[in-house]
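# Structural overview
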Amino acid sequence: QVQLVESGGGLVQPGGSLRLSCAASGFTFSSRGMSWYRQAPGKERELVAHITRGGGITNYADSVKGRFTISRDNVKNTVYLQMNSLKPEDTAVYYCQAVSLPYWGQGTQVTVSS
């Protein structure tokens, strides 16, 4: 079955960096675009970044553009989110999703606080 396992979250000070990973299994990873979403307390889940199946095209929410970078490794079946210059408003649970597959992982908590 489809499994998405996010990791790499934690507590970081404003201005710091984190690298999230999402290990995927149960489907042909290289044939699917992948996205990162986040959900802050009391807010709806929002799209943060997307990468096409080959990795050639990426898109970002305006709020993270220039600070976050999405990438993927189609050999390791893993998608990454490099997050730099983190702000308190980036605090949320981060999830990955494969395009058109209705599955979510458990998410990884990112907390940006001094």
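Look above for the structure.
Nothing here was measured: the structure is a model prediction, and the numbers come from that model.

Parameters at a glance
Residues numbered from 1 in each chain as written. Predicted model: local features only at pLDDT ≥ 70, side-chain atom pairs only at ≥ 80, totals over all residues. Heavy atoms only, no water. Helix = DSSP H or I, 4+ residues; strand = E, 2+ residues; numbered from the N terminus. Rg over C-alpha atoms; globule rule 2.2 N^0.38 Å. Buried < 20%, exposed > 50% of the residue type's maximum accessible area, 1.4 Å probe, protein only. Contact = heavy atoms within 4.5 Å. Areas by Shrake-Rupley, 256 points an atom, 1.4 Å probe, with all protein chains shown as cover. Lys, Arg positive; Asp, Glu negative; His and termini not counted. Charge placed at Lys NZ, Arg CZ, Asp CG, Glu CD. Phe/Tyr/Trp six-rings, centres within 6.5 Å; stacked < 30°, edge-to-face > 60°. Lys NZ or Arg CZ within 6 Å of the ring centre and 35° of its normal. Pairing = 2+ DSSP bridges. Axes fitted to C-alpha atoms, helices over the stretch in contact; angles between N-to-C directions. Salt bridge = Lys/Arg side-chain N within 4 Å of Asp/Glu carboxyl O.

### Section: the overall build of the protein
The secondary structure content of the protein amounts to zero helices and ten strands. Taking 13 Å as the expected radius of gyration for a compact globule of 114 residues, we find that the protein reaches 13 Å, a close match to that expectation. Seen along its three principal axes, the alpha-carbon backbone of the protein occupies a region of about 40 × 25 × 25 Å. A burial count over the protein gives 42% of its 114 residues as buried. Considering only contacts in the protein between residues 6 or more positions apart, those separated by 24 or more positions represent 52%. Taken as a whole, the protein presents about 5,900 Å² of accessible surface, with 47% of it coming from carbon and sulfur. Averaging the locations of the 11 positively and 7 negatively charged side chains of the protein gives two centres separated by 6 Å.

### Topic: the packing of aromatic side chains
The full count for this structure, using the stated rule, is three aromatic pairs. On the numbers, 5.1 Å between centres and 80° between planes, the contact of Tyr 37 with Trp 104 is edge-to-face. Of this pair, Tyr 37 sits in strand E4 (residues 34–39) while Trp 104 sits in the loop between strand E9 (92–98) and strand E10 (108–112); the two residues are 67 residues apart in sequence, bridging distant segments of the chain. A relative accessible area of 37% means that Trp 104 is categorised as partly exposed. These aromatic residues form a ring-pair network of at least three members: Tyr 37, Tyr 95 and Trp 104. Across from the ring centre of Tyr 95, 3.9 Å away, lies the NZ or CZ of Arg 45, which sits over that ring. The cationic tip of Arg 45 hangs over the ring face of Trp 104; the distance from NZ or CZ to the ring centre is 4.2 Å.

### Some thoughts on unusual backbone geometry
In this structure, Ser 85 takes a positive phi of about 50° despite not being glycine. Assignment of secondary structure puts Ser 85 in the loop between strand E8 (78–83) and E9.

### Here we look at the environment of Leu 86
Relative to the elements of secondary structure, Leu 86 occurs in the loop between E8 and E9. On a C-alpha basis, the gap between Leu 86 and Gly 8 in space is 14 Å, while along the polypeptide they are 78 residues apart. Those residues in contact with Leu 86 that lie beyond four places of it in its chain are Val 12, Pro 14, Gly 15, Gly 16, Ser 17, Leu 18, Arg 67, Phe 68 and Val 112.

### Regarding the sheet that holds E8
Reading across the sheet, the four strands line up as E1-E3-E8-E7 and stay open at both edges, with antiparallel pairing between neighbours. Each edge of the sheet is formed by a strand with only one pairing partner; in this case those strands are strand E1 (3–7) and strand E7 (68–73). Within the sheet, the average angular offset between the axes of one strand and its neighbour, ignoring direction, is 15°. Sheet topology note: the strand E3 (residues 18–25)/E8 ladder contains six bridges and is antiparallel. Its bridge partner lying in E8, Cys 22 is registered against Val 79.

### Things to note about the pattern of salt bridges
Within the structure shown, the criterion is met by four salt bridges. Here Arg 38 ties to Glu 46 by a salt bridge, and the two come within 2.7 Å at their closest N and O atoms. A salt bridge links Asp 90 to Arg 38; its shortest N-O distance comes to 2.9 Å. In this pair, Asp 90 is assigned in the loop between E8 and E9 and Arg 38 in strand E4, connecting sequence segments 52 residues apart. Put simply, Arg 38, Glu 46, Arg 67 and Asp 90 are held in one network by salt bridges that share partners.

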